[in-house]
Amino acid sequence: MKKTLFIFIASLGFLLISSICAYFLKFVTFEDACDPLMIGCIIFLVNIVFATLAKKYYQLNFLSFAINAIGLGFCIRAWYIFRNFDNSLLIMLAVSVIASLYLWVYHLYSKLPYFNYYPTFWTIIFVILTLVLYIISVVNTGTTFLSTVGYYLIIEVAFLFATGVKAKTYKKLFRNVLLSSFSVIVVAILIALMMLSGDGLDLDLSGVDFSGPSKDKNKKK
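Notes on the structure in this doc start here. Source: prediction; values computed, not measured. (Residues numbered from 1 in each chain as written. Predicted model: local features only at pLDDT ≥ 70, side-chain atom pairs only at ≥ 80, totals over all residues. Heavy atoms only, no water.)

**Focus on the nonpolar core**
Ranked by size, the top nonpolar core spans 58 residues in total, and within it Phe14 and Leu72 carry the most contacts. Elements that contribute at least two residues to this core include exactly α1 (2–24), α2 (34–53), α3 (60–83), α4 (89–100), α5 (102–109), α7 (146–162), α8 (170–180) and α9 (184–196). If one sorts the elements of this core by residue count, α3 sits on top with eleven residues. Excluding residues that lie within four positions of it along the chain, Leu72 makes contacts with Phe14, Leu15, Ser18, Phe44, Tyr152, Ile155, Val184 and Val187. (Core = buried A, V, L, I, M, F, W, Y, C linked by side-chain atoms within 4.5 Å. Buried < 20%, exposed > 50% of the residue type's maximum accessible area, 1.4 Å probe, protein only. Helix = DSSP H or I, 4+ residues; strand = E, 2+ residues; numbered from the N terminus. Contact = heavy atoms within 4.5 Å.)

Right, dumping it as structure tokens:
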């Protein structure tokens, strides 16, 4: 219970930072969707250095964790620009809470009989069921926030597996959570693949303009 609560708080903080970052990036004008995606990827790559140093200097774990959350915010903004829609800050914060509650659903699921005999097997089944339910939800609804939920759930699944890694102290547990947060790279890859399957990528950052939001590319849907 204590481990789940600890990871839940860390997870919620991570997604809230990402959502706030993604929302306020609407006030930055990007040439196209690949600009914030590239920035996000650069943030992840640079953050590997901080994460490595954090193994020796524990305080850096918190900084590295927040940096990954900010990088995810850039990736989510890239997705919104690419899909030409947006969500309000309230909706994004609500999505953060909903996605974080996934850990508690798993916690209740882990109380089922025989779970402790084959935890890895039952965890994989849980993830598969999540994927199936998510696909059904996407097919049967047309809301703009479900894609964000999907990307956030990728992070949650990584945090979920962090609960299964032995950690004798909360410092070690948070270190495991930090390493799990690098699943943001998976999100970046998926978004890049989606963009490649559409209009393609234009890797030119010269069009980034911090003067204000683009009315054409950030309009709400």
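Back to the write-up after that little detour.
**Regarding the pattern of salt bridges**
As enumerated under the stated definition, the model contains two salt bridges in all. Taking the shortest distance from any N to any O, the salt bridge between Asp86 and Arg77 comes out at 3.2 Å. Of the two residues, Asp86 and Arg77, neither departs from the other in class, the shared state being buried. Each member of the salt-bridge network shares a partner with another, and the members are Lys26, Arg77 and Asp86. (Salt bridge = Lys/Arg side-chain N within 4 Å of Asp/Glu carboxyl O.)

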